[in-house]
Amino acid sequence: MNYRSTRNRKISLCASQTIVQGLSPDGGLFIPESFPLFTLEDLEGMEKASYQARAVSILSKFLDEFSEEELAAYAGAAYGNQKFSHPDIAPVRKVDEITHCLELWHGPTCAFKDMALQMLPHLLSASLQKTHEEKEACILVATSGDTGKAALEGFRDVEGTRILVFYPKDGVSDIQELQMITQEGQNVGVCSVIGNFDDAQTTVKQLFADQDLRKKLDHQGIFLSSANSINWGRVLPQMVYYCSAYIDLMKSGSLKLGEEINVCVPTGNFGNILAGYYAKKMGVPIKKLICASNSNNILTDFIHSGTYDRNRPFYTTISPSMDILISSNLERLLYDFSGGNDEEIRCYMDQLSRSGTYQVSPEIREKIGETFLAGYSTDEQTQQMIHDMWLEQRYLIDPHTAVAFHVLKQYRELSGDHTLSLVVSTASPFKFCSSVLSAIGVTDRKQGPEMIEQLAELTGIPAPDSLVGLKEKPVRFKRSEEKDHLLDYVLEQLF
Ligand SMILES: *Cc1c(COP(=O)(O)O)cnc(C)c1O
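What comes next concerns the included structure. Everything quoted here is computed from the prediction, not taken from an experiment. (Residues numbered from 1 in each chain as written. Predicted model: local features only at pLDDT ≥ 70, side-chain atom pairs only at ≥ 80, totals over all residues. Heavy atoms only, no water.)

## Topic: the overall build of the chain
In step 1: If you tally the helices and strands in the chain, you get 22 helices and 16 strands.
In step 2: Its C-alpha atoms give the chain a radius of gyration of 21 Å, near enough to 23 Å, the size a compact globule of 495 residues would have.
In step 3: Considered along the principal axes of its C-alpha atoms, the chain spans approximately 60 × 50 × 50 Å.
In step 4: Taken across its 495 residues, the chain has 61% of its residues classed as buried.
In step 5: Long-range contacts, defined as pairs at least 24 residues apart, comprise 74% of the intrachain contacts of the chain with a sequence gap of at least 6.
In step 6: Working note: accessible area of the chain is about 18,800 Å², and carbon and sulfur atoms make up 47% of it.
In step 7: Of note, the chain has its 47 positive side-chain charges centred 1 Å away from the centre of its 65 negative side-chain charges. (Helix = DSSP H or I, 4+ residues; strand = E, 2+ residues; numbered from the N terminus. Rg over C-alpha atoms; globule rule 2.2 N^0.38 Å. Buried < 20%, exposed > 50% of the residue type's maximum accessible area, 1.4 Å probe, protein only. Contact = heavy atoms within 4.5 Å. Areas by Shrake-Rupley, 256 points an atom, 1.4 Å probe, with all protein chains shown as cover. Lys, Arg positive; Asp, Glu negative; His and termini not counted. Charge placed at Lys NZ, Arg CZ, Asp CG, Glu CD.)

See the structure below:
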């Protein structure tokens, strides 16, 4: 199967080239030329299969240059016992009769980014070989917190790769920062950027577009690649858990084969929910996709009005991985809803970079309305949700997950729609101890990593081993740079 750029349909690459390139040279994102369809029988047929085997069945449809044996080896390595602490990899937990929660944080860095970033390095390494690439791949990552750590962990000491991660200095939690600055591995670098996530992401995008830099690196035998959720190799593994969750709900008798569910996703860059949309497109019975935001509710407004407008204040919230004003993956959805009209997409994206805003056509707006619902949760509502969930269900959830639970609750109250719903849980509560402790009413909070033990003791829930071990690790990376200096930093690191 080949892949096209959202901004130029004439560009067509095979899967391995798509994964190696990450972003199309015209600034567009790669999308498959077609989508396979899974019938209900196909889904039912995967009932007895492990998560790894389900991943192989789905990935193989998109990656015809890769044999099933290859994919099975990657899935085994990515989602093995040493990496994931739960045997089901992405377990579905019942909350009440009409609500289930898909837990995506049992991987090595305790956030859902592991689901894709444990797989991507295998796909990239193999793609480098398949494309006979002899240069070293340098992965540049802008992170709102979780991607950085998950990418570092996925790529550490992977042959033929280097990785440099940039995070906003004051935009990540203490524990997220500690996870990154203590990262092990010979091929890794971490630097904080003065500014917010959009500053970091925009600067990294500029580095990718910098032809002069590319030339210099080329002479050194290095090329730039991306592990951000714009890379197709990120989106693809994320489709698996939507299929897998539906199969698990069916298997447990929680729904009848073919019964439609609503899915509520805490959203930032629109990568996770986009994978849910693709799963629906491939045949998973999903009725509505509910896009949940925090106070940076640009997507809520967009889904309600058809106007994307980033000219608004940026808020730092207790769900930092969703503090985003430019949701890159939305471009893929618009491409789909425009019927593959690359010119139209180019036009929207031009407007966005020139004036920070665009308005989609009435046709696209209507299609969005058929599939998507949207809402947001303020920090107070998010805290209240964590509190209520703990008090009423003894279920400890992180702030991102709580945003989704709140938005679902709000939607149900307003609409009276009590369709069976799946809430996507994206991080372990132990990654955001300070907010979680405060939400459940603890005023006398410890500092830094000690909060992890405090939260475990108070709730009786064991903390993930990888987080408990953090306080013993030496800090390796202390650099902080203005965004104008990132180019120099990259040159310095790579030469
Ligand atoms: C990245 C992230 C999100 C947002 O996911 P997108 O794919 O960017 O929409 C939500 N929650 C957590 C914990 C994350 O790390």
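From this point, the discussion proceeds with the structure in view.
## Thoughts on the site of the ligand
In step 1: The full set close to the ligand counts 15 residues, and Lys113, Asp146, Gly268, Asn269 and Thr426 are the nearest of them.
In step 2: Within the backbone of Gly268, a nitrogen or oxygen atom sits 2.7 Å from an oxygen atom of the ligand.
In step 3: Backbone polar atom of Asn272 to an oxygen atom of the ligand: 2.9 Å apart, as the coordinates give it.
In step 4: In terms of residue class, the shell around the ligand is made up of five nonpolar, eight polar and two charged. (Near = heavy atom within 4 Å. Polar contact = N/O pair within 3.5 Å; in protein donor to acceptor, adjacent residues only side chain to side chain. Nonpolar A, V, L, I, M, F, W, Y, C, P; charged D, E, K, R; others polar.)

## Considerations on helix H7 (residues 146-155)
For an α-helix, 3.6 residues make a turn, and residues three or four places apart therefore share a direction.
In step 1: Burial analysis of H7 places 10 of its 10 residues in the buried class, which makes it a mostly covered element.
In step 2: Taken as a whole, H7 has its buried residues at Asp146, Thr147, Gly148, Lys149, Ala150, Ala151, Leu152, Glu153, Gly154 and Phe155.

## Topic: the sheet that holds strand S2 (residues 8-14)
In step 1: Reading across the sheet, the three strands line up as S2-S1-S3 and stay open at both edges, with antiparallel pairing between neighbours. Each edge of the open sheet carries a strand with a single partner, namely S2 and strand S3 (30-32). Between one strand axis and the next, the sheet turns through 40 degrees on average, direction left out of account.
In step 2: Bridging between strand S1 (residues 2-5) and S2 involves four bridges; their strand directions are antiparallel. What sits directly across from Asn2, in S2, is Cys14. (Pairing = 2+ DSSP bridges. Axes fitted to C-alpha atoms, helices over the stretch in contact; angles between N-to-C directions.)

## A short note on helix H12 (residues 271-281)
In step 1: For H12, the buried fraction is high: nine of the 11 residues fall into the buried class.
In step 2: All buried positions along H12 are accounted for by Gly271, Asn272, Ile273, Leu274, Ala275, Gly276, Tyr277, Tyr278 and Ala279.

## A closer look at the packing of helix H17 (residues 379-393) against helix H18 (residues 399-415)
In step 1: Where H17 contacts H18, the axes come no closer than 8 Å and their chain directions differ by 90 degrees. The pairing of H17 with H18 is recorded here as roughly perpendicular in orientation. Counted together, Gln381, Thr382, Met385, Ile386 and Met389 of H17 and Pro399, Ala402, Val403, Phe405, His406, Lys409 and Gln410 of H18 form the full contact between these two elements.
In step 2: Per-class residue counts for the contact of H17 with H18 are seven nonpolar, four polar and one charged. (Parallel < 35°, antiparallel > 145°, perpendicular 65-115°, else oblique.)

## Some points on the environment of Ile247
In step 1: Counting through the fold element by element, Ile247 comes out in helix H11 (residues 232-251).
In step 2: On the accessibility criterion, Ile247 (0% relative accessible area) is buried.
In step 3: Note: C-alpha distance between Ile247 and Val284 (37 residues apart in sequence) is 9.1 Å.

## Describing the nonpolar core
In step 1: Within the largest apolar cluster, 149 residues are counted, with the highest numbers of intra-cluster contacts made by Phe62, Leu63, Tyr79, Met239, Leu334, Tyr358 and Phe372.
In step 2: Counting residues per element, this core draws most heavily on H11, at 13 residues.
In step 3: Once you skip the residues sitting within four places of it in the chain, Tyr358 turns out to touch Phe302, Gly306, Thr307, Tyr308, Leu330, Leu334, Tyr348, Met349, Gln351 and Leu352.
In step 4: Counting 22 residues, the second-largest nonpolar core is a separate cluster that includes Ala142, Phe208, Leu217 and Leu224. (Core = buried A, V, L, I, M, F, W, Y, C linked by side-chain atoms within 4.5 Å.)

## A few points about the pattern of salt bridges
In step 1: Per the counting criterion, the structure on display carries 21 salt bridges.
In step 2: The shortest N-O distance in the salt bridge between Lys135 and Asp218 comes to 3.4 Å. In this pair, Lys135 is assigned in the loop between helix H6 (120-130) and strand S6 (136-142) and Asp218 in helix H10 (residues 211-219), connecting sequence segments 83 residues apart.
In step 3: Lys135 sits in the partly exposed class, given a relative accessible area of 28%.
In step 4: With relative accessibility at 40%, the residue Asp218 sits in the partly exposed group.
In step 5: Of the charged contacts in the structure, one is a salt bridge between Arg162 and Glu136, with a shortest N-O distance of 3.2 Å. One end of the pair, Arg162, is in strand S7 (residues 161-168); the other, Glu136, is in strand S6, and 26 residues separate them in sequence.
In step 6: Here Glu136 falls in the partly exposed class, since its relative accessible area comes to 27%.
In step 7: Overlapping salt bridges, with partners in common, bring together Lys149, Glu153, Arg156, Glu184 and Lys473 in one network. (Salt bridge = Lys/Arg side-chain N within 4 Å of Asp/Glu carboxyl O.)

## Thoughts on the side chain of Lys431
In step 1: Mapped onto the secondary structure, Lys431 falls in the loop between strand S15 (421-425) and helix H19 (433-439).
In step 2: Setting aside anything within four residues of it in sequence, one finds Lys431 in contact with Thr109, Cys110, Ala111, Asp146, Ser173, Ile175, Gln176, Gln179 and Leu467.

## A look at the sheet that holds S6
In step 1: Pairing is parallel across the open sheet formed by five strands, whose spatial order is S9-S6-S7-S8-S16. At either end of the open sheet lies a strand with only one pairing partner, and these are strand S9 (222-226) and strand S16 (480-482). The average angle at which neighbouring strand axes cross in this sheet is 30 degrees, direction not considered.
In step 2: Bridge count for S6 against S7 is six bridges, and the pairing is parallel. Residue Leu140 lies in a different strand from S7, and its bridge partner there is Leu164.
In step 3: Strand contacts of helix H9 (residues 197-209): S6, S7, strand S8 (188-194) and S9, with the helix running at about 155 degrees to S6, the strand carrying the most contacts.

Purely geometric numbers; function is a separate question.
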